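These are the residues of each chain, in order.
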Amino acid sequence: MVLTVLISALAFATPREIAFSRLLPAAPALAASMWPVIPTILLGAFCLLVMIGLSLVYTDLGTPYTAAAIAAVTLAAAYASHVRLRREETLFQIRLVADAAQKVLLRPLPSRFEDIEIESLYVAAQAQARIGGDFYEAAETPYGVRLLLGDVRGKGLSAVGAASAVISCFREAAHDEADLTSVVHRLETSMGRHSAAFPTQDLPERFATALLAEIPHGGGHIRLLNCGHPPPLLVHHGKTFVLEPTAPSPPLNLATLIGDHYRIDTVTFAPGDQLLLYTDGVTETRDHSGEFFPLEDWMGRQDPASPQGLLDRLHQALLRFSGGQLDDDIAALSVRRPDHHG
């Protein structure tokens, strides 16, 4: 509208030879990118009236040609506005569906299980994305608090479907199975069935890394089963430890290829300790020079914080380190056993 008024004023105020009136068709064309159909048409009609008014002052402006151009551009702009609005509505509906899917797939976790505090972080690499191949879950079971965090190889709907299959299986198996090895066998079977039911060209390479953790009721330790996943970090008495598995366990859906030998490690988890589980999107975040994010060093420099506070710091540190350009999905779980005597 401002552009239209400016062009109109210049057209009336300047000599005929300058012919600012020829810019009038640009106004409805620009309006189509922001306005609905009817206001776009009304702006075109206003431009047409301005052109007719100018023809009464200057008789040799080529009014028929400019008026025809305004009419043609207005009709095209109205159609473009209509198409844009339909696409925006479609995108809005898709985002609603994606939001609903995320709430089912990555539902919010309770901030506390018994005497364990827990918070989650999920960041999609693409601004418009809502869900991806990274996944997490936590459950309070008869055997203690059990955690799952993993990453399906690949992207897109194929990875989302595989992640959904693993999470759905874990939600049942975590309550049914007495040990983590039995749980991971169930996850392996579920992902294998999903891959067979939805074959793709990369079927032989479809797999997921996963980390399972179990904190027994009232226990001062934590059990870990690492299936090819980045090792978690433990802050114990102010020192940071990388919890590498003592023996490798196969990623999900690769047990038939490299064997189904699973190893459970047990580490101390005392009051005041904090555990960070994360996907490789964290450690593979790069800066402008190509260096990877130094997670272990960063963790060692952090003051004690709540699980949510630690994840907020981590998110901000990753954004600063990468210059705001995260190239991979990120999922993380922060778990703390509060020190009631501190």
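Before reading on, note that the structure itself is shown above.
In this text the structure is predicted, and so the values were computed from the model without any measurement.

Draft legend 1. Structural view of the sheet that holds strand E5 (residues 208–215). An order of E3-E4-E5-E6-E9 is seen for the five strands of this open sheet, with the pairing classed as antiparallel. Edge positions in the sheet fall to strand E3 (134–141) and strand E9 (264–268), since each of these pairs with one other strand and no more. Neighbour-to-neighbour, the strand axes of the sheet open up by a mean angle of 20°, direction not taken into account. Pairing analysis gives eight bridges linking E3 to strand E4 (residues 144–152), with the strands arranged antiparallel.

Draft legend 2. Structural context of the nonpolar core. Ranked by size, the top nonpolar core spans 54 residues in total, and within it Phe135, Leu187 and Leu212 carry the most contacts. Broken down by element, this core gets its largest block of residues, ten residues, from helix H5 (residues 156–176). Counting residues in each nonpolar core, the second largest holds 19 residues, with Tyr278, Val282, Leu326 and Ala332 among its members.

Draft legend 3. Structural detail: the environment of Gly44. Mapping Gly44 onto the fold places it in helix H3 (residues 37–57). Separated by 30 residues in sequence, Gly44 and Thr74 have C-alpha atoms that sit 5.3 Å apart. Setting aside residues no more than four positions away along its own chain, Gly44 makes contact with Pro28, Ile70 and Thr74.

Draft legend 4. Structural context of the sheet that holds strand E1 (residues 112–113). Across the sheet, which stays open at both edges, the six strands sit in the order E1-E2-E11-E10-E7-E8 with antiparallel pairing between neighbours. On the outer flanks of this sheet lie E1 and strand E8 (239–242), each paired with one strand and no other. Sitting on the sheet, helix H10 (residues 307–322) touches strand E2 (116–123), strand E10 (274–278) and strand E11 (330–336), and the angle it makes with E2 is about 25°.

Draft legend 5. Expanded view of the pairing of E10. Taking burial as the measure, the five residues of E10 include five buried ones, the bulk of the element. Of the two faces of E10, the one lined by Gln274, Leu276 and Tyr278 and the one lined by Leu275 and Leu277 are each fully buried. With three bridges joining them, strand E7 (residues 233–236) and E10 adopt antiparallel strand pairing. By the bridge assignment for E10, Leu234 is matched with Leu275.

Draft legend 6. Expanded view of the side chain of His236. Examined against the element boundaries, His236 turns out to sit in strand E7. Within the structure, the side chain of His236 is placed 3.4 Å from the side chain of His237, a separation counted as a polar contact. With residues up to four places along the chain from it excluded, the contact list for His236 reads Phe241, Thr268, Ala270 and Asp273.

Draft legend 7. Seen up close, the environment of Gly218. For Gly218, the position within the fold is in the loop between E5 and strand E6 (221–227). It is 8.0 Å that separates the C-alpha atoms of Gly218 and Asp115, two residues lying 103 residues apart in sequence.

Draft legend 8. Broad picture of unusual backbone geometry. The phi torsion at His237 lies on the positive side, around 55°, for a residue other than glycine. Position of His237 among the secondary structure elements: in the loop between E7 and E8. Residue His237 is classed as exposed on the basis of its relative accessible area of 67%. You will see that Asn253, though not glycine, has its phi angle at about 80°, which is positive. Mapped onto the elements, Asn253 comes out in the loop between E8 and helix H7 (255–258).

Draft legend 9. The arrangement of the pairing of E9 in detail. The alternating pattern of E9 places Asp265 and Val267 on a buried face, while none of Ile264, Thr266 and Thr268, on the opposite face, is buried. With five bridges joining them, E6 and E9 adopt antiparallel strand pairing. For Leu224, the partnering residue across the bridge sits in E9 and is Asp265.

Draft legend 10. Fine view of the packing of aromatic side chains. The full count for this structure, using the stated rule, is two aromatic pairs. With 6.3 Å between their ring centres and 50° between their planes, Phe293 and Trp298 make a pair best called tilted. Across the pair, Trp298 and Phe293 agree in class, each one buried. The interplanar angle of 80° and the centroid separation of 5.4 Å between the aromatic rings of Phe293 and Phe321 together place this pair among those described as edge-to-face. Of this pair, Phe293 sits in the loop between helix H8 (280–283) and helix H9 (295–300) while Phe321 sits in helix H10, and the two are 28 residues apart along the sequence. Its relative accessible area of 6% is what places Phe293 among the buried residues. Grouping aromatic residues by their ring pairs yields a cluster made of Phe293, Trp298 and Phe321.

About the cut-offs
- Residues numbered from 1 in each chain as written.
- Predicted model: local features only at pLDDT ≥ 70, side-chain atom pairs only at ≥ 80, totals over all residues.
- Heavy atoms only, no water.
- Pairing = 2+ DSSP bridges.
- Helix = DSSP H or I, 4+ residues; strand = E, 2+ residues; numbered from the N terminus.
- Axes fitted to C-alpha atoms, helices over the stretch in contact; angles between N-to-C directions.
- Core = buried A, V, L, I, M, F, W, Y, C linked by side-chain atoms within 4.5 Å.
- Buried < 20%, exposed > 50% of the residue type's maximum accessible area, 1.4 Å probe, protein only.
- Contact = heavy atoms within 4.5 Å.
- Polar contact = N/O pair within 3.5 Å; in protein donor to acceptor, adjacent residues only side chain to side chain.
- Phe/Tyr/Trp six-rings, centres within 6.5 Å; stacked < 30°, edge-to-face > 60°.

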